[in-house]
Amino acid sequence: MVASGCGGTGRELSAYAGPEGLDGLDFVTRSITLDARSGARGPRVAEVPGGLVSAVGLPNPGLEHFLATELPWLVRAGVRVVVSIAGATMGEYADLAGRLGRAPGVVGLEVNVGAPDETSDGLYEVREPYHAASVVAAVRREFASDRPVLAKLRPDVSRVVEGARACHEAGATAVVVGNAVPAALPDGRPGGLSGPALAPIALRCVAAVSRALPAVPVIGCGGVHDVDSARAYLAAGATSVQVGTAMLHDPTTVARLRASLDQPPHQEDA
Amino acid sequence: MADAPARGPVHVDGEVVATKKVGGYRHLTLAAPGVPERFRPGTFVSVSVAGHVTRRALWVHKVRASSAFGPTLDVVVESRGSGTAWLSAQPVGTRVAVTGPLGRPFALPKQAVSCLLIGEGYAAAPLFPLAERLRERGCAVSLVVSAPDEARLLSALEARRSARSVTVLTADGSVGQRGQVADHAEDLVRRSGADVVYAAGPADVLRSAAVAAERTGAWSQVAVEVPTPCGTGLCHGCPLPVVGEDGVDRVVRACTEGPVVRGDRVRWDAL
Ligand SMILES: Cc1cc2nc3c(=O)[nH]c(=O)nc-3n(C[C@H](O)[C@H](O)[C@H](O)COP(=O)(O)OP(=O)(O)OC[C@H]3O[C@@H](n4cnc5c(N)ncnc54)[C@H](O)[C@@H]3O)c2cc1C
Ligand SMILES: Cc1cc2nc3c(=O)[nH]c(=O)nc-3n(C[C@H](O)[C@H](O)[C@H](O)COP(=O)(O)O)c2cc1C
């Protein structure tokens, strides 16, 4: 599954999708907001050992434009589109969920309640699990009930089990653990750290949630870049993984992982 | 060959097949099957660097459809940060992942008009294949190659075949005329009688070329460089502030909606 914000508009991936093309690809959009956002000023990304720090600022064309142009293209290409949503208020989340619920072709929603810096991005403050859960509940109410709602959580081991439990009880079908962790760009602006350096942190959180809440499906996210790093999440209890930063390094990563993870391990070792 | 030329980028496991120090730069020839065939002047490649997550964007200086190594492309590397230093040091045989061609190329005029091409430093690289394409279309091409000093001046020798005139400008006067593009842009555009101005280089060069074009009533196409983490359009990390066709201010991805855009569309003060 392509992680939010690391697959462009989705269209760019067609050059790197392999023989199957985009058909059947699980793709999470960059977080879509009600109104268009131009994003943060540059430089938006800094390279650090083992990953990168980014402060992109959720650039997106807004819901209206997304529904009119990007979504229909992706649906026609056979992409399984999970729309990531972010809002400044509870009402915005509900509005986004309601309108996306009526849009044809949306496979599910991912509620971004784990952004590294919601306040600097002007998002609704969801630091407390209780707040995250109330956002999830509002989204679940508005979004047609047979389709999944994923809650994407920050990989903070001290709060993640509580957050996962609260979001699941509020109606989340599964939880995504995690997101980039709060960090700083070299000039001091707030950003999020992602990539291989994040993997052991997110892995710890995935293991904690899987152990404490065996009934909650967990999707691992953080630093996945090859078969081994993906399998580590699956071994820790995740049902699937998302790939973010690795796509920026090698845009064929998801296509390659899709092909290898579909094979049983012994065949691939042969 | 198929009727329709292949479009869009490819991601290939490439290889350094030649490396040569020329002045202050390193010229690398890369075997990257699929990229040269799709190349159009102004597009770029994104290459991987050992041990680094983000990639390095490079202009394409030359392509060969076939050679002993298959299709190859030449890039000109200026060693500055860690990634360009690594690239400059690689011997023949090093494997490098290459993605390309990426981005929007220079738009070519439909008629045989008069064109002025202005390039500074390594960024003059894409103007050489552009000059060839323009000449094939019957355009009169004038080329300006500039640099801070002689070591960073791309050789214009080969371009003399495609260009009617070649002007060399160095800031320190070590070769050619002394000066900077910004000081001479309007004069150069007027003297060339250009209908279209193409520019590649740092922002101040592009801006002065775009402004000079506007003053003289010419069109301009500028190849913009902003820090580019992936080059493929996936990360939205290379913001380019522009004015849209509808007159609305936007921020687009330099790697995908650029790197070549109309000079009068860039919001230089916001860059
Ligand atoms: C479209 C385009 C074409 C380019 N063509 C050439 C070329 O032909 N020859 C050449 O020598 N250089 C070229 N560059 C610049 C080259 O990509 C940067 O110098 C390089 O990315 C900086 O990497 P570094 O390893 O030197 O520095 P580092 O400090 O190690 O770079 C760290 C990170 O910052 C990003 N970054 C920092 N500065 C720049 C910059 N000015 N441009 C792009 N990314 C930056 C890099 O992508 C990298 O992720 C081009 C840049 C662009 C955008
Ligand atoms: C450039 C960039 C943009 C991102 N944009 C979003 C976003 O819009 N919404 C979101 O929920 N997460 C976003 N993320 C976080 C990723 O989806 C992912 O959760 C995180 O980077 C950790 O996974 P990784 O190590 O595989 O990248 C972004 C990450 C990066 C690097």
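Residues numbered from 1 in each chain as written. Chains lettered and ligands numbered in written order. Predicted model: local features only at pLDDT ≥ 70, side-chain atom pairs only at ≥ 80, totals over all residues. Heavy atoms only, no water.

Engineer: Quick one: what's the story with the packing of helix 6 (residues 227-235) of chain A against helix 8 (residues 253-261) of chain A, residue by residue and with numbers?
Structural biologist: The axes of two packed helices give the description: the angle between them and the distance between them. Residues and elements named next belong to chain A. Running from N to C, helix 6 and helix 8 cross one another at 60°; their axes reach a closest spacing of 10 Å. When the interaxial angle is binned, helix 6 and helix 8 end up oblique. As for the relative orientation of helix 6 and helix 8, their crossing is right-handed in sense. Here Val227, Ala230 and Arg231 of helix 6 come into contact with helix 8, specifically with Leu257, Ser260 and Leu261. Looking at the contact of helix 6 with helix 8 residue by residue, the class counts come to four nonpolar, one polar and one charged. (Axes fitted to C-alpha atoms, helices over the stretch in contact; angles between N-to-C directions. Helix = DSSP H or I, 4+ residues; strand = E, 2+ residues; numbered from the N terminus. Parallel < 35°, antiparallel > 145°, perpendicular 65-115°, else oblique. Left-handed = near helix turned anticlockwise from the far one by under 90°. Contact = heavy atoms within 4.5 Å. Nonpolar A, V, L, I, M, F, W, Y, C, P; charged D, E, K, R; others polar.)

Engineer: Describe the site of ligand 2, naming the residues involved and giving the relevant values.
Structural biologist: The local shell around ligand 2 holds 24 residues, among which A:Ser4, A:Ser31, A:Lys152, A:Gly223 and A:Thr245 are the closest. More than one chain approaches ligand 2, the contributing ones being chains A and B. A:Gly178 places a main-chain nitrogen or oxygen 3.4 Å from an oxygen atom of ligand 2. Here A:Gly223 contributes a backbone N or O atom positioned 2.6 Å from an oxygen atom of ligand 2. Coverage of ligand 2 by the protein chains reaches 95% of its 610 Å² of free accessible surface. (Near = heavy atom within 4 Å. Polar contact = N/O pair within 3.5 Å; in protein donor to acceptor, adjacent residues only side chain to side chain. Areas by Shrake-Rupley, 256 points an atom, 1.4 Å probe, with all protein chains shown as cover.)

Engineer: With reference to specific residues and values, describe the side chain of A:Thr29.
Structural biologist: Assignment of secondary structure puts A:Thr29 in the loop between strand 1 (26-28) and strand 2 (45-48). Among residues more than four places away in sequence, those in contact with A:Thr29 are A:Ser4, A:Gly5, A:Phe66, A:Val81, A:Val82, A:Val83 and A:Ser84.

Engineer: Give a detailed account of the site of ligand 1, specifying residues and quantitative values.
Structural biologist: Around ligand 1 lies a shell of 21 residues, among which B:Thr54, B:Arg56, B:Arg80, B:Gly83 and B:Thr84 are the nearest. Looking at the residues close to ligand 1, they fall on chains A and B. One of the side-chain N or O atoms of B:Arg80 is found 2.6 Å from an oxygen atom in ligand 1. B:Thr228 is positioned with one of its backbone polar atoms (N or O) 3.0 Å from an oxygen atom of ligand 1. Listing elements by their share of the shell around ligand 1, those giving two or more residues are strand 4 (56-59), strand 6 (72-77) and helix 2 (82-89) of chain B. For the shell around ligand 1, the leading source of residues is strand 4 of chain B, giving four residues. Looking at the shell around ligand 1 residue by residue, the classes come out as nine nonpolar, six polar and six charged.

Engineer: Residues and numbers for the domain arrangement of chain B, please.
Structural biologist: Residues and elements named next belong to chain B. In terms of domain boundaries, chain B breaks down into domain 1 (10-102) and domain 2 (114-222). A C-alpha centroid distance of 24 Å is found between domain 1 and domain 2. Listed as interface residues are 16 residues of domain 1 and, on the opposing side, 14 residues of domain 2. Of the roughly 1,300 Å² buried at the junction of domain 1 and domain 2 (both faces included), carbon and sulfur atoms supply 65%. Among the residues of domain 1 in contact with domain 2, Tyr25, Trp59 and His61 are the three that bury the most area, contributing 41% of the side total. Our count for the contact surface shared by domain 1 and domain 2 stands at one salt bridge. Taken together, domain 1 and domain 2 are joined by five residue pairs in polar contact (both at pLDDT 80 or more). Looking at the side of domain 1 that touches domain 2, its residues break down into seven nonpolar, five polar and four charged. (Domains from an automatic or database assignment. Buried area = accessible area lost by both parts, 1.4 Å probe. Salt bridge = Lys/Arg side-chain N within 4 Å of Asp/Glu carboxyl O.)

Engineer: Quick one: what's the story with the interface of chain A and chain B, residue by residue and with numbers?
Structural biologist: Listed as interface residues are 29 residues of chain A and, on the opposing side, 23 residues of chain B. When the buried area of chain A at its contact with chain B is split by residue, A:Glu47, A:Leu248 and A:His249 rank highest and sum to 30% of it. For the interface between chain A and chain B, the tally reads two salt bridges. A:Glu47 is the partner of B:Arg56 in a salt bridge, and the nearest nitrogen-oxygen pair spans 2.9 Å. Scanning the region where chain A abuts chain B turns up 12 residue pairs in polar contact (both at pLDDT 80 or more). Here the element with the most residues in the side of chain A that touches chain B is helix 7 (residues 245-249) of chain A; it accounts for four residues. Across the side of chain A that touches chain B, the residue classes tally to 13 nonpolar, 11 polar and five charged.

Engineer: Could you give me a rundown of the confidence of the model for chain B, with the residues and numbers involved?
Structural biologist: Scored by pLDDT, chain B comes out at a mean of 95, with 98% of its residues at no less than 70. Reported confidences for the modelled complex are a pTM of 0.95 and an ipTM of 0.94. (pLDDT = per-residue confidence, 0-100.)

Engineer: So, the sheet that holds strand 1 of chain A: which residues are in play, and what are the values?
Structural biologist: Residues and elements named next belong to chain A. Strand order in the open sheet formed by seven strands is 1-4-5-6-7-10-11, with parallel pairing between adjacent strands. A single partner strand is all that each edge strand has here, and the edge strands are strand 1 and strand 11 (240-242). Direction aside, neighbouring strands of the sheet carry axes that sit 25° apart on average. (Pairing = 2+ DSSP bridges.)

Engineer: Give a description of the packing of helix 3 (residues 129-142) of chain A against helix 4 (residues 160-169) of chain A that names residues and reports values.
Structural biologist: Residues and elements named next belong to chain A. Between helix 3 and helix 4, the shortest axis-to-axis distance is 8 Å and the interhelical angle comes to 25°. Classified by the angle their axes make, helix 3 and helix 4 are roughly parallel. Considering how the two elements wind past one another, helix 3 and helix 4 form a crossing that is right-handed. Contacts between helix 3 and helix 4 involve Pro129, Ala132, Ala133 and Val136 on the former and, on the latter, Glu162, Gly163, Ala166 and Cys167. Here the residues of the contact of helix 3 with helix 4 are counted per class, giving six nonpolar, one polar and one charged.

Engineer: Explain unusual backbone geometry to me, using residue names and the numbers behind them.
Structural biologist: Here the residue pair A:Val177 and A:Gly178 is connected by a cis peptide bond, since its omega of 10° sits within 30 degrees of zero. B:Pro101 follows B:Gly100 through a cis peptide bond whose omega is -10°. On the secondary structure map, B:Pro101 appears in strand 7 (residues 95-102). Despite not being glycine, B:His236 has its phi angle at roughly 60°, a positive value. Tracing the sequence through the fold places B:His236 in the loop between strand 13 (219-223) and strand 14 (239-243). Take B:His236: its relative accessible area is 11%, and that puts it in the buried class. (Buried < 20%, exposed > 50% of the residue type's maximum accessible area, 1.4 Å probe, protein only.)

Engineer: Help me get a handle on the packing of aromatic side chains, residues and values and all.
Structural biologist: Each aromatic ring pair is specified by the distance between its two centres and by the angle formed by the two planes. Residue and element names in this part refer to chain B. For the structure on display, the rule yields three aromatic pairs over all chains. Measuring from centroid to centroid gives 6.3 Å for Tyr25 and Tyr122, while their planes differ by 75°, and the two rings are edge-to-face. Within this pair, whereas Tyr25 is found in strand 2 (residues 25-31), its partner Tyr122 is found in the loop between strand 8 (114-120) and helix 3 (127-136), the two being separated by 97 residues in sequence. Judged on exposure class, the residue Tyr25 and its partner Tyr122 are both buried. With centroids separated by 5.4 Å and ring planes inclined at 90°, the aromatic side chains of Phe106 and Tyr198 adopt a geometry described as edge-to-face. Here Phe106, found in the loop between strand 7 and strand 8, pairs with Tyr198, found in strand 12 (residues 196-200); they are 92 residues apart in sequence, far enough to count as distant. (Phe/Tyr/Trp six-rings, centres within 6.5 Å; stacked < 30°, edge-to-face > 60°.)

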